[in-house]
Structures are given as C-alpha cells and as structure tokens.
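Descriptive structure summary
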Amino acid sequence: MALYLGVMSGTSLDGLDIALIEQEHHTRLLATHYIPMPSNLRQDLLALCSSGSDEIARAALAEAKWVELAAQGIADLLHSQNLKATDVCAIGSHGQTIRHEPARGFTVQIGNPALLAELTGICVVSDFRRRDVAAGGQGAPLVPAFHEALFELQGQRLAVLNVGGFSNLSLIEQDKPVSGFDCGPGNVLLDAWIQQKQGHSYDADGAWAATGQVNANLLNSLLSDPFFAGTGPKSTGREVFNLPWLMQHLVKQPLIADADVQATLLEVTAHSIVSSLQAAQEDTQALLVCGGGAHNGALMRRLAALLPGAFVSSTAAHGVDPDWVEAMAFAWLAHCCLQGIPGNRPSVTGARGPRVLGAIYPA
C-alpha cells in the first residue's frame, strides 16, 4: 500500500488542507485534516502578493510559520491514523502562491520544503509549477490531469470545476486529451467585498449575494476585462483580480447598493465559468464542482440555471468530497514525480511537452 500526503493552501488563504491517499491503480482518500490559517499569518501572506519593503526576509519568515503549521497538521493526522512518518512515501506540498505571472516567465510558491522534510521526517515533493512555466506553459491549472484520472466517465462529456479563490475547468471527453484553463475569479472578489463591507471572511452559502440584484452596467464593465475574452491555455491570480481592480470599475458607476455589488460579483463568477465552458466544450453532460464554491448554494443554483442541459452537482455525487480534491491532487502529483510520470498536460498549460513536475527533498 503506497501512502502519500497532499498539502494545499490556496489563494483564498483560509487554511491548509491535508489529505492522506492510498495510490495504487486508483486514488483512494483515507483521511483528512484542516488547519485554519492564523489571522496574522494570513495577513503576512496576503501582503506578499504585492510589492513591498523587505520582501525576501518577510517571505522567509512567513514560509517558516506556514511550514510549522503544516508539519503540526501532518503529525496530528498521522497520529489519528496510527501511522508513522516511515509509512508515508512522500508529501506533495503545493506551498502558498504569492505571485503568478507566467507571461513574465515566473510563478512563486513559498513553503520551504527542506524545512518541511526536516520537521516531518518524510520525503517532500514541491515546486510543481515552475517546470511547466520553464517549458513555456502557464504553470496552471495542474489539477486537470488528476481530474482525468479520478473522474473519467465512459462516453460522457464531463467538466470538473474547481472554485477556490479562482475558478478553473477540466474538460474530459473520451478519446480526447484532457483540456482546461482558469476561468477567472472564483471566491476571491466575493470574499474581499464581504470582508470590507461586513467583516465576514466569506459569504456563507451565497446568502448575502442572494439578497441583491445584478447590476447590468457593473457586470458588463467587469466582464470587459481582456482576460475573459481570451481562450485557453490561460491562468490568472490576485495580480489581475483584486479589490483595487473592482474599485476601479465601481468608481465609474452610479452608487450601487453593497448587496447588489455582491450579487454582481457572483454573476461574474458564474458567467465567466459558463461562457468559457460553452465555448470550449459543446453540450457538456455533467459539471462536477469542487472547492469552497461547491458549498455556495447561490452559485450552484446559478450554474444549474445557466446550464439547463447538464447535470450540475458537487463531486460528492461521484464519491469524492469536494473539499479535498486539490489536496488529493498534490499527493497524486508527488506520486507521479517519484515514479517519473509527467504531471502536466500541454493541452491545458500550453507547455512544449509533458514534463515530470516537482523537486524532491529526501527525508
């Protein structure tokens, strides 16, 4: 039995997801552990997403705190399963993205894998994205290859949607290479707006958005961003979609109620997903949703309304908890790295060819 751990900390910065998988012919989720992100560490990491003073030192200190948090979470999960460090083949650690600018030839995830290997006594595979960028790719999304392995349905046109801070699609059809791309903002703007206006970290179930009305002028203004007009391969991040970006559009509009802004932001997320899906895959039969967005009832209802011909559900409908798909993916990518199996898909990222992803830090 080959056991791997996956550690995922996404652009939402809400916490660390840790998944334990068994990897043989298929991937099986065995156990999970979630660690909320301490508010001071979240602020430190968020500040690193834009330029500032003394960035190198601040990044080094922040990643050490991140690693200590991950190491403690891994220890707790192993203890709960009566496992030892030596029972695990490797940890696939995504790290925390602080910059993602593939057009300029770089993507940066911090997470000091050497320290994580030292603290856990387990081999660590990390730095998955930069090899794809080095090969001319976007470095994202990387999960479509895993989605293909996990969810392939015979004879169906399937799309797997991950909605975290940003949204990305994996398009899976029989006898075709998997394709995929980032659609645009997922929860990032919704979270930022409710945090600024109500002090909440997120809009639970999309309840606040559901009280508002979509403002057509604001919607059209937001969707005029050039990113939405592009086709895959493409990826994005906080460098493009952030609170200042939203404010630049709001100042051009007459006064809009706060709840209406939230409703419009939810429509931006839903519209960007559906329009890009319909352009890339005709007559999608099933859309499986994972990530935090799977728990946003207002978003799920809107996706179903915009895709009346498709079965829209969370990945739970196919036996996979939507909260753990990404952490499972990086555990699987660690397995691929150790086995010499390419983890990217050029049809997704635009890289010059398949590449084995990740750097290995032995225990």
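Residues numbered from 1 in each chain as written. Predicted model: local features only at pLDDT ≥ 70, side-chain atom pairs only at ≥ 80, totals over all residues. Heavy atoms only, no water.

An unreviewed UniProt entry lists the protein under the name Anhydro-N-acetylmuramic acid kinase, with Pseudomonas auratipiscis as the source organism. Per its UniProt entry, the protein bears the Function (unreviewed entry) comment "Catalyzes the specific phosphorylation of 1,6-anhydro-N-acetylmuramic acid (anhMurNAc) with the simultaneous cleavage of the 1,6-anhydro ring, generating MurNAc-6-P. Is required for the utilization of anhMurNAc either imported from the medium or derived from its own cell wall murein, and thus plays a role in cell wall recycling." Its UniProt record, at the heading Catalytic activity (unreviewed entry), says of the protein: "1,6-anhydro-N-acetyl-beta-muramate + ATP + H2O = N-acetyl-D-muramate 6-phosphate + ADP + H(+)". (UniProt positions renumbered as here; feature names shortened; annotations may be inferred.)

1. Observations concerning helix α12 (residues 297–306)
Given 3.6 residues per turn, any residue in an α-helix points the same way as the ones three and four places further on. Taken residue by residue, α12 has G297, A298, L299, M300 and L303 as its buried positions. Tucked inside the fold, the buried residues of α12 contact β7 (158–163), α11 (258–280), β10 (286–290) and β11 (311–314). (Buried < 20%, exposed > 50% of the residue type's maximum accessible area, 1.4 Å probe, protein only. Helix = DSSP H or I, 4+ residues; strand = E, 2+ residues; numbered from the N terminus. Contact = heavy atoms within 4.5 Å.)

2. Some remarks on the nonpolar core
L169, L287 and L303 are the most contacted members of the largest nonpolar core, which has 45 residues in total. Counting residues per element, this core draws most heavily on α11, at 9 residues. The residues touching L287, leaving out its near neighbours within four places in the chain, are A159, L161, L169, L277, L303, L307, F311, V312 and S313. In terms of nonpolar packing, the next biggest core, distinct from the first, is built from 36 residues, C123, V125, V320 and F330 among them. (Core = buried A, V, L, I, M, F, W, Y, C linked by side-chain atoms within 4.5 Å.)

3. Some points on unusual backbone geometry
Omega for the bond connecting A140 with P141 falls within 30 degrees of zero, at -10°, which places this linkage in the cis form. Non-glycine residue D175 carries a positive phi angle of around 65°. Looking at D175, the relative accessible area reads 76%, which means it is exposed.

4. What to know about the packing of α11 against α12
The geometry of α11 relative to α12 is characterised by a closest axis approach of 10 Å and an angle of 35° between their N-to-C directions. Handedness of the α11/α12 crossing: right-handed. For the pair formed by α11 and α12, the contact residues are L266, E267, T269, A270, H271, I273, V274 and Q278 on the first element and A298, L299, R302, L303 and L306 on the second. Among the residues forming the contact of α11 with α12, the class breakdown is 8 nonpolar, 3 polar and 2 charged. (Axes fitted to C-alpha atoms, helices over the stretch in contact; angles between N-to-C directions. Left-handed = near helix turned anticlockwise from the far one by under 90°. Nonpolar A, V, L, I, M, F, W, Y, C, P; charged D, E, K, R; others polar.)

5. Examining the pattern of salt bridges
Under the defined criterion, the tally for this structure stands at 9 salt bridges. The shortest N-O distance in the salt bridge between E148 and R345 comes to 3.8 Å. Here E148, found in helix α5 (residues 144–151), pairs with R345, found in the loop between α13 (325–339) and α14 (346–349); they are 197 residues apart in sequence, far enough to count as distant. Across the pair E173 and K176 runs a salt bridge whose closest N-O atoms are separated by 3.6 Å. (Salt bridge = Lys/Arg side-chain N within 4 Å of Asp/Glu carboxyl O.)

6. Examining the packing of helix α8 (residues 216–223) against helix α10 (residues 243–250)
Packing of α8 against α10 leaves a shortest axis separation of 10 Å and a crossing angle of 130°. As summarised for this structure, α8 and α10 are arranged oblique, according to the angle between their axes. By crossing handedness, the relation of α8 to α10 is classed as right-handed. On α10, the residues touching L218, S221 and L222 of α8 are W245, L246, H249 and L250. (Parallel < 35°, antiparallel > 145°, perpendicular 65-115°, else oblique.)

7. Here's the deal with the UniProt feature "binding site: ATP" (unreviewed entry) in the protein
The residues that UniProt annotates with the feature "binding site: ATP" (unreviewed entry) are G10, T11, S12, L13, D14, G15, L16 and D17. Structurally, the position occupied by G10 is in the loop between β1 (3–9) and β2 (15–23). With a relative accessible area of 22%, G10 lands in the partly exposed category. Its place among the elements puts G15 in strand β2. Using a relative accessible area of 2% as the deciding quantity, one classes G15 as buried. Among all residues touching G15, those that are not within four sequence positions of it are M8, S9, Y34, I35, P36 and M37.

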